[in-house]
Amino acid sequence: MTELITDQEMINDPNAARLIYGLRDTGYNVRTAAADIVDNSIAANANIINITIELLHDGRKLVHFGDDGHGMDAAEVRNAMRYGADRRKEAKSLGKFGLGLKTASSSVCKRYSVLSRKAADEPISKLTWDLDHVERQNAWEMLSEPVSRDQNELFDELCGASGTLVVWENCDRLLSKEYTPGAKEQAAVKRLAEALSKHIALVFHRFLDSNDSRERTVVINVNGSPVKPWNPFYPEKSEQVLAPNKQTVLVELFDGTEEEAQMKAWILPHRRDMTKEEEAEYARISNRAQGFYVYREGRLIQDGGWMEVFGAPEPHTSLLRIEFDFGHELDEAFRIDVKKSRILFHPDLEDGLRKLLQPVYREAGQRYRRQSREQANKDGTVDHSSANKNIAATGNTAKPHVTGADVNSQTAEINNNRGQKIRIKAPVQNYVNADSIHVEAVTSITNGHLWEFAYRSTGSAEHVPGVLLNKHHDFYQKIYQRAAANGYAVEGMDLLLYAFAMAEQNNTDPELEPVFEDIREEISANLRKLLRNVPDPEPAELADEEER
């Protein structure tokens, strides 16, 4: 006979010792954990938030978060310290799950306290979670300890008349490795403080920027130094390229209703249009930094990545950053996680965003390529001198003999395998540098061909046949530029194209000219198609003078 289970027996509380330790590993790092504490301060209408990271003489590490927000009484502190605290009255609050304070804190330390008061004439309420104590008791038992003199003074210093102080102690995960007490550990703590400031500058830049009217201004100090906002879109120099009528995105909720998200697309200036100092301070261009920057109620929750809308980040779209804003109404639709560090797009929304942003994505890639190619062409990294010397020294190559050339009519008269005094319409160039008279890369070819023949002279007579290479063609940009450090490879390609051009001119006449031009067009077009998915070389791949 099956025994009946009472209602009381259906309550199956989790093992306190195992769960409180298990919740330490929810994916936080020190920076995202600290940002979660800052969320609570902003939700409490704090105007000033002070963060301090201390390394004591005995090796203990302490972190304090003090704010001048509205504060809490004893009952509110108890609720705030409950795992799965009651839902906030303000739905748009940056705090969402009632877990952030606890899971964020315990991801870094094994003992954390909350001290708070609503007014200067009220006592400070304090409660502490000590993970070792919970493990010993195997019970969800907090500690209620008196506020020490040092904590009173620290509260006055970091909070003031009202506010909340969060204290992290026994910080076993503050640093990524164990250090012997001394200079190296001090340096590691200093680096951590700098990294935290940089993270906060990005995540809360709208709150930190007094000129940004979208959010109220909040001052955040780390170890006494004000955090300066860092806007990832560098709006002073970047171009917003998404049309106004495409900036509102309708998102359907599970119940069939719709809510709006807002979106902008920014193409940053190419790093070659900035000084190194400017790029490092304001743009920080990298593969990882491209993609979506997602904001919930003004707070950045995801920085970079294409979120399945486009493929993996690649250099040619590194200038494109998408500013995507949504409110709390879309939390469920975007499946925001506990850490508030990422969201997920529904596949239907991915498809819609891909279609909407495809022209912008393409334009960003084209701008990057144009800038890179212009700079590569300006630098002149490919050396064609070896081929020119080789051709000059090889007098027995089969080629047309020029009997006359007119620079005004751009025509040449040649003897070749087709006959004598054949008049050809072709580029005629005078006063050409002798070092590049046979092979030269130029930017003047506009018909898309990889190469063109020309009749060239170092003066105004005695023209010789030569070949011009199109610097703008994909083959030159993607293959020649990469081969620049290998002189034999460049010389080999030069000689091959020179041989093609000579064979054409040695066997042409006015009747065959269109046929050979069609062949050049077809070869050039096929090369463009074949190289479409080959990326342009990065600056590090291009040879400089010392390498050649």
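As a reminder, the structure under discussion sits directly above these lines.
Residues numbered from 1 in each chain as written. Predicted model: local features only at pLDDT ≥ 70, side-chain atom pairs only at ≥ 80, totals over all residues. Heavy atoms only, no water.

**Student:** Got a minute to help me understand the overall build of the chain in this structure?
**Tutor:** Each helix and strand counted, the chain has 16 helices and 20 strands in total. Here the chain has a C-alpha radius of gyration of 34 Å; the compact-globule value for 548 residues is 24 Å, and the former is much larger. Each principal axis of the C-alpha atoms in the chain carries an extent, and together these give about 110 × 60 × 55 Å. Burial statistics for the chain: of 548 residues in total, 49% are counted as buried. Long-range contacts, defined as pairs at least 24 residues apart, comprise 69% of the intrachain contacts of the chain with a sequence gap of at least 6. Looking at the chain as shown, the accessible area adds up to about 27900 Å², and 49% of this sits on carbon and sulfur atoms. (Helix = DSSP H or I, 4+ residues; strand = E, 2+ residues; numbered from the N terminus. Rg over C-alpha atoms; globule rule 2.2 N^0.38 Å. Buried < 20%, exposed > 50% of the residue type's maximum accessible area, 1.4 Å probe, protein only. Contact = heavy atoms within 4.5 Å. Areas by Shrake-Rupley, 256 points an atom, 1.4 Å probe, with all protein chains shown as cover.)

**Student:** Mind showing me how you'd approach helix H16 (residues 513–530) here?
**Tutor:** One turn of the α-helix equals 3.6 residues, which is why residues spaced by three or four share an orientation. The terminal C-alpha atoms of H16 lie 26 Å apart, and with 18 residues this matches the ideal 26 Å at 1.5 Å per residue to within 8%. What H16 keeps buried is the set Glu513, Phe516, Arg520, Ser524, Ala525 and Leu527. The inward-facing, buried residues of H16 abut strand E16 (419–425), strand E19 (451–456), helix H14 (474–480) and helix H15 (487–505). (Expected span 1.5 Å × (residues − 1).)

**Student:** Explain the packing of aromatic side chains here, please?
**Tutor:** Aromatic ring pairs are described here by two measures, namely the spacing of the ring centres and the angle between the planes. The full count for this structure, using the stated rule, is 23 aromatic pairs. Ring plane angle 65° and centroid distance 6.4 Å describe the contact between Phe204 and Phe207, whose orientation is recorded as edge-to-face. We classify Phe204 as buried; its relative accessible area is 0%. Counting every residue linked through ring pairs, the aromatic cluster contains Phe292, Trp306, Phe310, Phe324, Phe326, Phe334, Phe345 and Tyr361. (Phe/Tyr/Trp six-rings, centres within 6.5 Å; stacked < 30°, edge-to-face > 60°.)

**Student:** Which parts of the structure should I look at to understand the sheet that holds strand E20 (residues 464–470)?
**Tutor:** In a beta sheet, neighbouring strands pair by backbone hydrogen bonds and run either parallel or antiparallel. One open sheet accounts for four strands, arranged E17-E19-E20-E18; its pairing is mixed. The sheet is open, and its two borders are formed by strand E17 (428–429) and strand E18 (439–442), each paired with just one other strand. Relative to E20, E19 is paired through six bridges, and the arrangement is antiparallel. In the sheet register, Ala454 faces E20, and the bridge partner there is Gly466. (Pairing = 2+ DSSP bridges.)

**Student:** Sorry, what's going on with the sheet that holds E16 here?
**Tutor:** Strands sit in the order E14-E15-E16 across an open sheet of three strands; the sheet is antiparallel. Only two strands of the sheet have a single neighbouring strand rather than two, namely strand E14 (401–406) and E16. Averaged over neighbouring strand pairs, the angle between their axes works out to 20° when direction is ignored. Strand direction decides the pairing type here: E14 and strand E15 (residues 411–416), joined by five bridges, are antiparallel. Each bridged residue has a counterpart across the sheet, and for His401 the counterpart in E15 is Asn415. (Axes fitted to C-alpha atoms, helices over the stretch in contact; angles between N-to-C directions.)

**Student:** I would appreciate a short explanation of the packing of helix H3 (residues 30–43) against helix H8 (residues 183–203) in the present structure.
**Tutor:** If you want to describe how two helices pack, look at the angle between their axes and the distance between the axes. Between H3 and H8, the least distance of the axes is 10 Å, while the angle of their chain directions is 55°. What the angle tells us is that H3 and H8 run oblique. Remark: the crossing between H3 and H8 carries right-handed chirality. Across the interface between the two elements, Val30, Arg31, Thr32, Ala34 and Ala35 from H3 touch Leu192, Ala195, Leu196 and His199 from H8. (Parallel < 35°, antiparallel > 145°, perpendicular 65-115°, else oblique. Left-handed = near helix turned anticlockwise from the far one by under 90°.)

**Student:** What am I meant to see in the pattern of salt bridges here?
**Tutor:** Two side chains bearing opposite charge may form a pair once their charged atoms approach each other closely. Under the counting rule described, the total for this entry stands at 26 salt bridges. A salt bridge links Arg173 to Asp25; the shortest N-O distance between them is 2.9 Å. You can see Arg173 sitting in the loop between strand E5 (163–169) and H8 and its partner Asp25 sitting in the loop between helix H2 (16–22) and H3, a full 148 residues away along the chain. Residue classification places Arg173 among the partly exposed residues on the basis of a relative accessible area of 32%. The salt bridge involving Arg299 is made with Asp39; its shortest N-O contact spans 2.9 Å. One end of the pair, Arg299, is in strand E12 (residues 299–303); the other, Asp39, is in helix H3, with 260 residues separating them in the sequence. You can call Arg299 buried: its relative accessible area is 4%. Several salt bridges share partner residues, and in doing so they unite Arg111, Lys126, Asp130, Glu145 and Glu169 into one network. (Salt bridge = Lys/Arg side-chain N within 4 Å of Asp/Glu carboxyl O.)

**Student:** For this particular structure, what's the right way to read the pairing of E5?
**Tutor:** Every regular strand shows the same layout, with side chains that alternate between the two sheet faces. Among the seven residues of E5, seven are classified as buried, and the element is accordingly described as predominantly covered. Both strand E2 (residues 61–67) and E5 contribute to a ladder of five bridges, which runs antiparallel. Within E5, the residue paired with Gly66 across the bridge is Leu165. As judged from the seven bridges shared by strand E3 (residues 111–117) and E5, these two strands associate in the antiparallel manner. Considered in E5, the bridge of Tyr112 is made with Trp168.

**Student:** Before we go on, may I ask you to explain helix H10 (residues 276–283) in this structure?
**Tutor:** Those residues of H10 lying buried are Glu278, Glu279 and Ala283. Seen end-on, H10 carries its buried residues on one side only, within an arc spanning 100°. Away from the buried face of H10 by more than 90 degrees, exposed residues Lys276 and Glu277 are located. Looking at the buried side of H10, the elements it contacts are strand E13 (320–326). Arg284 occupies a position one or two residues after H10 and carries a positive phi of about 50°. (Arc of directions from axis to C-beta.)

**Student:** Could you clarify how one ought to interpret a nonpolar patch on the surface in this entry?
**Tutor:** Taken together, the side chains of Val515, Ile519 and Ile523 make up a nonpolar region of the molecular surface, amounting to roughly 220 Å² of accessible area. Turning to its location among the elements, Val515 is positioned in helix H16. Under the relative-accessibility criterion, Val515 is labelled partly exposed at 43%. (Patch = residues over 30% accessible without salt bridge, like charges linked within 9 Å, V, L, I, M, F, W, Y side chains within 5 Å.)

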